[in-house]
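# Structural overview
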Amino acid sequence: LIFDVRDDPGGLLDSVVEILDTLLPAGTICTTRGVSGEKVYSSDENELSLPMAVLCNENTASAAELFTAALRDYKKAVTVGKTTYGKGVAQSTYALSDGAAVKMTTSYYDPPCGVNYDGVGITPDVEVELSEEAKKTSLLALTEEEDAQLAAAVAALQK
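The following refers to the structure shown. (Residues numbered from 1 in each chain as written. Predicted model: local features only at pLDDT ≥ 70, side-chain atom pairs only at ≥ 80, totals over all residues. Heavy atoms only, no water.)

## Considering the pattern of salt bridges
A side chain with one charge can pair with a side chain of the opposite charge if their charged atoms come near. Taken as a whole and judged by the stated rule, the model has eight salt bridges. The shortest N-O distance in the salt bridge between Arg6 and Asp147 comes to 2.8 Å. Within this pair, whereas Arg6 is found in the loop between β1 (2-4) and α1 (13-23), its partner Asp147 is found in the loop between α3 (132-135) and α4 (148-158), the two being separated by 141 residues in sequence. An identical accessibility class is assigned to Arg6 and Asp147; each is buried. (Salt bridge = Lys/Arg side-chain N within 4 Å of Asp/Glu carboxyl O. Helix = DSSP H or I, 4+ residues; strand = E, 2+ residues; numbered from the N terminus. Buried < 20%, exposed > 50% of the residue type's maximum accessible area, 1.4 Å probe, protein only.)

## Remarks on the pairing of strand β7 (residues 101-110)
Bridge analysis of strand β2 (residues 27-34) against β7 gives four bridges, and the strand direction is antiparallel. Directly across from Arg33, in β7, lies its bridge partner Tyr108. In this structure, strand β6 (residues 89-95) lies alongside β7, joined through seven bridges in antiparallel fashion. Paired with Tyr94 across the two strands is Val102, which belongs to β7. (Pairing = 2+ DSSP bridges.)

## Thoughts on the sheet that holds β2
As summarised here, the arrangement of the four strands in space is β3-β2-β7-β6, forming an open sheet in which the pairing is antiparallel. Strands at the two margins of the open sheet, each flanked by one partner only, are β3 (37-43) and β6. On average, adjacent strands in this sheet sit at an angle of 30 degrees to one another, irrespective of strand direction. (Axes fitted to C-alpha atoms, helices over the stretch in contact; angles between N-to-C directions.)

## Points about the pairing of strand β4 (residues 53-56)
Because side chains alternate across β4, one face comprises the buried residues Ala53 and Leu55, and the other comprises Val54 and Cys56, equally buried. Note that β1 and β4 share three bridges and pair parallel. Across the sheet, Phe3 pairs through a bridge with Val54, a residue of β4. Sheet analysis places β4 next to strand β5 (residues 78-81), joined by four bridges and oriented parallel.

## Here's the deal with the packing of aromatic side chains
Taken as a whole and judged by the stated rule, the model has one aromatic pair. Ring centres of Phe3 and Phe67 lie 5.2 Å apart, and the angle between their planes is 80 degrees; on these two criteria the pair is classed as edge-to-face. Note that Phe3 is positioned in strand β1 and Phe67 in helix α2 (residues 63-73), a separation of 64 residues in sequence. Overall, Phe67 belongs to the buried group, its relative accessible area being 6%. (Phe/Tyr/Trp six-rings, centres within 6.5 Å; stacked < 30°, edge-to-face > 60°.)

## Digging into a negative patch on the surface
Taken together, the side chains of Glu133, Glu144, Glu145 and Glu146 define an acidic patch exposed on the protein surface. Here Glu145 is to be found in the loop between α3 and α4. (Patch = residues over 30% accessible without salt bridge, like charges linked within 9 Å, V, L, I, M, F, W, Y side chains within 5 Å. Areas by Shrake-Rupley, 256 points an atom, 1.4 Å probe, with all protein chains shown as cover. Lys, Arg positive; Asp, Glu negative; His and termini not counted. Charge placed at Lys NZ, Arg CZ, Asp CG, Glu CD.)

## Structural notes on α2
Taken across its 11 residues, α2 has nine buried, putting it largely inside the fold. For α2, the set of buried residues is Ala63, Ala64, Glu65, Leu66, Phe67, Thr68, Ala69, Ala70 and Leu71. Contact partners of the buried residues in α2: β1, α1, β2, β4, β5 and β7. Downstream of α2 by a residue or two, Lys75 has a phi angle that is positive, lying close to 55 degrees. (Contact = heavy atoms within 4.5 Å.)

## Some details on the sheet that holds β5
Read from one edge to the other, the open sheet built from four strands follows the order β1-β4-β5-β8, with strand pairing classed as parallel. Both outer strands of the open sheet, β1 and β8 (126-127), are each paired with one neighbouring strand and no more. Packed on one face of the sheet, α2 meets β1, β4 and β5 and runs near 145 degrees to β4.

Here is the structure:
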């Protein structure tokens, strides 16, 4: 399996935890730390045991980084691409009485290894840069021959 989270700005923590629960063995998926304390999200013993790789880049952020980090920490996947954005925090949105809303950072989320990547990012196992020509094209339109990161992930899984 190759998961492509390049240019993925993240998403809902509950959704990524649910996906990771399917892929990971029993243990911690992540821990959120905020002013209201800590909350540990865990996986059960059911796990998918297939070769996996995660494609990431400098625009992989937030929950997509957590996905990358969790699979890396459990040694379930090889990570390929470029160092991620470095957003290891979660926001909450609060509606105001006038119809506006305020979005505030409310917690950090730490991957299974416990080392938060906020402001740092996640360095992939296999660092691969796209060619300048490939960078001008949508990732969805690249062929495997044009996508050096995808080709590296395929090669890593064939070892």
